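# Close look at the chain arrangement
Spelled out from the first residue to the last, the chains are:
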Amino acid sequence: MKSDLLENLNPEQKQAAMHYEGPLLIVAGAGSGKTRVITHRIAYLIAHYHVPPYNILAVTFTNKAASEMKERVRNLVGPLVEYISVSTFHSFCAKLLGIEGENIGLKKGFTIYDSNDSEHLARRVLTELNLDSKRFPEKMMLAAVSEAKNSLISPEEYPASSFSEEKIKQFYTTYQNKLVESNAVDFDDLIFKTVMLFRKNPDILQKYQTRYQFIMVDEYQDTNHAQYILVALLAASHKNICVVGDDDQSIYSWRNADIRNILEFEKDFPNAVVVKLEQNYRSTGSILQAANTIITNNLNRKAKKLWTANSEGEKPLLYEAATERDESQFIVNEINRLTKKGFQLKDMAILYRMNSQSRIIEEVFLANSLPHIIYGGIRFYERAEIKDILAYLRLLANPYDSVCLNRVINVPKRGIGKATMEKIELAHLNNKGSYLDTLLKASSIPNLGSKLKPLSEFAKLWYSLTALIDNGNITKLVETIFEKTGYMESLAREGTDEALSRIDNLKEFLSVTKNYENRAGAEASLEGFLSEIALITDIDRYSDTNDAVSLMTIHSAKGLEFPVVFITGLEEGLFPISRSLYDENQLEEERRLCYVAITRAQKLCYMTYAQTRFLWGQTSFNSVSRFVEELPEQIDSYSPVKKVTPSPVTSTPQKHNSWENCQLKSGDKVLHATFGQGIVIEVKGENHSEVVVAFHKAGLKKLLLEYAKLEKL
DNA sequence: ACACTGTGAGTTTTT
DNA sequence: CTCACAGTGT
């Protein structure tokens with residue numbers, strides 16, 4: 001049955017898939033079938049070398065990549081896939097620390113802080129240390145801490161040879177102490193602490209070395225030093241390590257990814273076998289040629305040249321828009337045209353450099369009723385109400401967590417503010433137990449006055465909820481929290497549109513818990529649920545069954561492919577982004593980002609830019625991106641200035657001049673008595689008597705100017 | 001304690 | 001522009 005397993009692989013792919021023991025480096029260009037090779041290698045190890053699935057570990061960076069890999073392995077090996085460990089770096093470490101964490105002082109149920117929680121904590125540390133947050137912004141301090149952790153430098157080891165280093169060291173030390181007190185870890189700690197665990201406990205390390213006989217790492221170019229050491233430790237005894245990566249697609253150096261990990265793999269593992277995959281199966285010849293032309297402008301890279309046997313196809317098309325709205329409208333028009341030629345909406349993606357660019361695109365999409373999904377941006381799990389309910393759950397799992405306690409103790413309002421909270425913190429200092437212990441003994445906290453009553457009630461509520469933790473029924477637990485805390489009720493009483501949408505989000509959260517329970521079955525636990533949620537991103541919440549255009553940043557598009565790709569905002573200062581313009585290394589990373597963007601496209605690739613763009617509160621006039629200029633021969637360009645814009649809606653100035661009777665034009669902000677603020681999308685009808693307005697709260701409305709009292713803002 | 005207002009500052013990418 | 005925070009008045 002498995003004899004034809006490798007039948008459809010090319011010779012290099014086959015060589016990599018058949019590799020048995022010892023280190024293996026697969027340099028896999030974009031679209032060269034690397035996932036295919038990894039999945040086939042896993043299947044081959046099992047079928048041909050009879051490696052027990054239990055001994056195989058595959059690590060990726062994103063949950064999406066992990067679940068996709070799992071599915072594709074399942075297609076090859078069937079139900080055996082459940083015994084293979086396929087997971088992200090972070091979730092692998094989270095699980096491992098859940099089991100072994102007590103060896104390095106982590107109590108059961110520890111919380112994983114996201115960047116938002118970390119910032120809260122950082123702010124408290126800054127005030128406590130009396131550090132001027134202007135000279136030492138928390139973002140900067142956290143970045144320094146992150147860099148230290150990713151380099152495996154502990155607070156004690158952190159240098160103090162300059163004034164600012166001294167301050168960072170101080171911050172790092174206090175920040176870390178507070179994490180420990182809260183029984184919490186941040187993202188970087190997951191990797192850092194796992195490495196520490198292994199270093200301090202050789203017996204535990206050995207256990208996992210024995211368990212994971214064959215290790216595979218995807219997107220190796222994005223690993224940082226800590227991740228590299230983690231993998232190296234696990235592979236130290238058997239050296240059965242296979243890494244897959246492409247230095248041209250390294251776009252995470254700002255997260256301390258160390259490109260040297262891939263460039264120097266052969267030094268680190270001297271007898272490594274190296275396989276290069278250079279045949280691209282994804283894109284047309286023209287698209288690939290454009291990508292190749294761009295990337296050769298980078299000096300710091302391994303020489304390679306992707307080729308394809310695919311047909312030439314059409315050259316990428318460059319569109320010069322007047323404004324960012326025009327850019328979006330062009331895209332909408334093209335999408336409408338392409339759907340008539342047989343493309344589906346889910347075949348198309350719009351990529352941009354930064355999330356804020358999605359706003360205008362979404363507006364125009366809404367105005368044209370074009371179905372779309374925005375990845376990233378306002379994240380589900382970052383919405384206040386979701387964070388509130390999660391904070392309740394996290395507090396139940398970990399009653400030491402001060403950040404979560406601060407978040408929920410006055411939500412909904414219980415009349416407990418800063419002053420009371422300080423009294424609690426003070427009492428807690430002399431208490432060896434958890435915050436729950438402290439609050440249950442609230443009557444012994446001095447000077448509480450009238451606040452004792454609400455506090456005791458809160459403690460009682462908290463205590464009664466703990467009884468529900470262990471039955472694994474998280475949905476029930478969440479429903480009880482909604483009810484007993486009065487959270488839902490207080491939102492319902494508010495009755496505003498915003499409150500109603502919050503209620504909807506909370507209801508959707510119940511489908512998240514149900515989904516988890518279905519998947520986890522008898523294994524379901526509050527800790528398991530929380531650690532899964534902490535590491536999940538929005539990308540994992542969407543299914544691709546809906547026919548809709550995808551909108552996302554280029555970073556989150558890595559690893560994905562689409563028949564049609566629109567790359568937007570190709571302007572100097574935006575892409576490449578202004579901060580990178582004077583740093584050759586950063587500029588090369590921007591160029592790699594551009595390379596990643598182009599190579600997402602299978603059939604058609606569009607590149608767009610706007611002559612003027614409203615950016616950061618003002619209109620800017622940027623020239624076309626240098627990346628476009630690096631492609632003189634490889635693209636066709638299309639400038640609407642010479643032709644009539646084919647859009648039914650436009651905001652080009654020429655057209656406005658002819659609207660003599662009309663004070664409103666598309667793009668204007670207006671205020672409506674009942675619908676609130678909105679933006680004019682379209683003016684139409686005889687004498688321009690009708691307007692279509694996208695209201696921020698009420699959505700799209702068609703209005704007659706004669707009746708609707710619109711105030712121009 | 002809290003709701004409101006105005007000011008001021010910083011604007012990338014994400015597990 | 002948008003968010004966070006300080007200061008104000010209730």
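Above this note sits the structure.
This report concerns the structure included in the present document. As the structure is a prediction and not an experimental result, all values here were calculated from the model.

What follows covers the pairing of strand 1 (residues 24-28). Across the five residues that make up strand 1, a large majority, five, are buried. Across the two faces of strand 1 the burial is the same, with Leu24, Ile26 and Ala28 and Leu25 and Val27 all buried. Summarising the sheet, strand 1 and strand 8 (residues 273-277) pair through five bridges and their orientation is parallel. What sits directly across from valine 27, in strand 8, is lysine 276.

Every residue close to DNA strand C is listed here: Arg123, Arg359, Phe614 and Gly617. Each atom of DNA strand C within 4 Å of the protein was assigned to sugar, phosphate or base; sugar and phosphate come to 88%. Contacts to DNA strand C include arginine 123, whose side-chain N or O atom sits 3.1 Å from a phosphate oxygen. At 2.4 Å from a phosphate oxygen of DNA strand C is found a side-chain nitrogen or oxygen belonging to arginine 359.

Direction vectors running N to C along helix 4 (residues 89-100) and helix 10 (residues 225-235) enclose 60 degrees, while the axes themselves pass 12 Å from each other. Our classification of the angle between helix 4 and helix 10 gives oblique. Judged by the twist between their axes, the crossing of helix 4 over helix 10 is left-handed. Contacts between helix 4 and helix 10 pair Phe89, His90, Phe92 and Cys93 from the former with Gln227, Leu230, Val231 and Leu234 from the latter. When its residues are assigned to classes, the contact of helix 4 with helix 10 shows six nonpolar, two polar and no charged.

This part covers the sheet that holds strand 1. Pairing is parallel in the open sheet, where six strands are placed in the order 3-2-6-7-1-8. The sheet is open, and its two borders are formed by strand 3 (85-88) and strand 8, each paired with just one other strand. Averaged over all pairs of adjacent strands, the angle between their axes in this sheet comes to 15 degrees, without regard to strand direction. Of the pairings in the sheet, the one linking strand 1 to strand 7 (residues 241-245) comprises four bridges and is parallel in character. The partner of isoleucine 26 across the bridge, within strand 7, is valine 244. Contacts from helix 10 reach strand 2 (56-60), strand 6 (214-217) and strand 7, with the element oriented near 160 degrees to strand 6.

Quick notes on the rules
- Residues numbered from 1 in each chain as written.
- Chains lettered and ligands numbered in written order.
- Predicted model: local features only at pLDDT ≥ 70, side-chain atom pairs only at ≥ 80, totals over all residues.
- Heavy atoms only, no water.
- Buried < 20%, exposed > 50% of the residue type's maximum accessible area, 1.4 Å probe, protein only.
- Helix = DSSP H or I, 4+ residues; strand = E, 2+ residues; numbered from the N terminus.
- Pairing = 2+ DSSP bridges.
- Near = heavy atom within 4 Å.
- Polar contact = N/O pair within 3.5 Å; in protein donor to acceptor, adjacent residues only side chain to side chain.
- Axes fitted to C-alpha atoms, helices over the stretch in contact; angles between N-to-C directions.
- Parallel < 35°, antiparallel > 145°, perpendicular 65-115°, else oblique.
- Left-handed = near helix turned anticlockwise from the far one by under 90°.
- Contact = heavy atoms within 4.5 Å.
- Nonpolar A, V, L, I, M, F, W, Y, C, P; charged D, E, K, R; others polar.

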